[in-house]
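# Working through the structure, step by step
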Amino acid sequence: MYKIAIDGPSGSGKSTLAKNLSKKLGFVYVDTGALYRTVALHMLREGIDISNTASVVDQLAFVKVSFRHDADGSQHVYLNGEDVNAFIRTPEVSMAASAVSAIKEVRAFLLDTQRDIANTGNVVMDGRDIGTVIFPDAQVKLFLTAGNKERAMRRYEELRDKGQNVTLESVERDMLLRDSNDSGRKEAPAIPAEDAYFLDNSELEPEETLARALEIISGKIDI
Ligand code: DC
């Protein structure tokens, strides 16, 4: 069974590429950021102080995270049985997800959920530690990057299209803060695997990024 790992910072186009690849190759697409977002949503709803590691860890006993795929391949995440897709993309949840994801116990809590899916078939998974921790044995590892301005603009447009009241400046500020939290943390820092291929898509359209990725992938596995 094949595993394609796609890591990189926020707004680098990971989920767009992963979705396009899964459609093209018929692999299951897994967005692991959604799992951390779901844990974060629970903490926010329960009024847990997320800077207090012990409180977050205690709450994990009351959290069940699962996901399913629609017929079109899109992923839905569930928090204690409730489909929470509509609630996990806000700036508040993004920052909280980055904070809880630095906690060792939170990462351990989500480990099996991520690994189990690879037993069911071919997967393309995006996140921050897929090539380094979740699937160090992935046949293909891509590390997607793009310039700060491009990434901030993409995030800004995505949030604005969802009707959220954000400014480009606030989106860029939050994004850079999250980047430094995610790459500077002790547990599973968001860094490229040694054997990852770098793909900078600042200047590329999604179809061009897909084409480049397919070139790399076809050199590694039989697709
Ligand atoms: O990919 P995303 O923006 O939806 O991820 C939200 C946060 O979750 C991100 O700031 C860091 C964390 N995360 C992680 O630590 N490991 C992953 N594999 C995926 C996400």
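Check the entry above for the structure.
What you see is a predicted model; the values in this text were computed from it and never measured.

A few words on the overall build of the protein chain. When helices and strands are counted, the protein chain shows 9 helices and 8 strands. Its C-alpha atoms give the protein chain principal-axis dimensions of about 50 × 40 × 35 Å. Buried positions account for 48% of the 223 residues belonging to the protein chain. For the protein chain, long-range pairs separated by at least 24 residues make up 72% of all intrachain contacts whose partners lie at least 6 apart in sequence. Only carbon and sulfur atoms are counted for the fraction: they give 49% of the accessible area of the protein chain, which is about 10,800 Å². For the protein chain, the distance from the average site of its 27 positive side-chain charges to the average site of its 35 negative ones is 1 Å.

Now for the site of the ligand. Around the ligand, 16 residues are found, and the nearest of them are Arg 37, Arg 107, Arg 128, Arg 178 and Asp 182. Here Ser 101 contributes a side-chain N or O atom positioned 3.3 Å from an oxygen atom of the ligand. Within the contact set of the ligand, an oxygen atom lies 2.8 Å away from a side-chain nitrogen or oxygen of Arg 128. Out of a free accessible area of 450 Å², the ligand has 98% covered by protein chains. At the level of secondary structure, the elements contributing two or more residues to the shell around the ligand comprise helix H2 (33-45), helix H4 (91-100) and helix H8 (168-184). When residues of the shell around the ligand are assigned to their parent elements, the largest contribution, 3 residues, is made by H2. Partitioning the shell around the ligand into residue classes produces 3 nonpolar, 5 polar and 8 charged.

A few words on unusual backbone geometry. One non-glycine residue with positive phi stands out, namely Asn 80, at about 45 degrees. With respect to the secondary-structure elements, Asn 80 resides in the loop between strand S4 (75-79) and strand S5 (82-83). Classification of Asn 80 as partly exposed rests on a relative accessible area of 43%. The backbone of Ala 188 shows a phi angle near 40 degrees, a positive value even though the residue is not glycine. Of note, Ala 188 is situated in the loop between H8 and strand S8 (197-200). Under the relative-accessibility criterion, Ala 188 is labelled buried at 15%.

It is worth spelling out the packing of aromatic side chains at this point. Counted under the stated rule, the structure contains 2 aromatic pairs. With centroids separated by 6.4 Å and ring planes inclined at 20 degrees, the aromatic side chains of Tyr 2 and Phe 27 adopt a geometry described as stacked. Residue Tyr 2 is located in the segment before strand S1 (3-7), and its partner Phe 27 is located in the loop between helix H1 (14-25) and strand S2 (28-31); the two are separated by 25 residues in the primary sequence. Under the relative-accessibility criterion, Phe 27 is labelled buried at 9%. A cation over a ring is seen here: Arg 68 above Tyr 78, with NZ or CZ 4.3 Å from the ring centre.

What counts, and where the lines are drawn
Residues numbered from 1 in each chain as written. Predicted model: local features only at pLDDT ≥ 70, side-chain atom pairs only at ≥ 80, totals over all residues. Heavy atoms only, no water. Helix = DSSP H or I, 4+ residues; strand = E, 2+ residues; numbered from the N terminus. Buried < 20%, exposed > 50% of the residue type's maximum accessible area, 1.4 Å probe, protein only. Contact = heavy atoms within 4.5 Å. Areas by Shrake-Rupley, 256 points an atom, 1.4 Å probe, with all protein chains shown as cover. Lys, Arg positive; Asp, Glu negative; His and termini not counted. Charge placed at Lys NZ, Arg CZ, Asp CG, Glu CD. Near = heavy atom within 4 Å. Polar contact = N/O pair within 3.5 Å; in protein donor to acceptor, adjacent residues only side chain to side chain. Nonpolar A, V, L, I, M, F, W, Y, C, P; charged D, E, K, R; others polar. Phe/Tyr/Trp six-rings, centres within 6.5 Å; stacked < 30°, edge-to-face > 60°. Lys NZ or Arg CZ within 6 Å of the ring centre and 35° of its normal.

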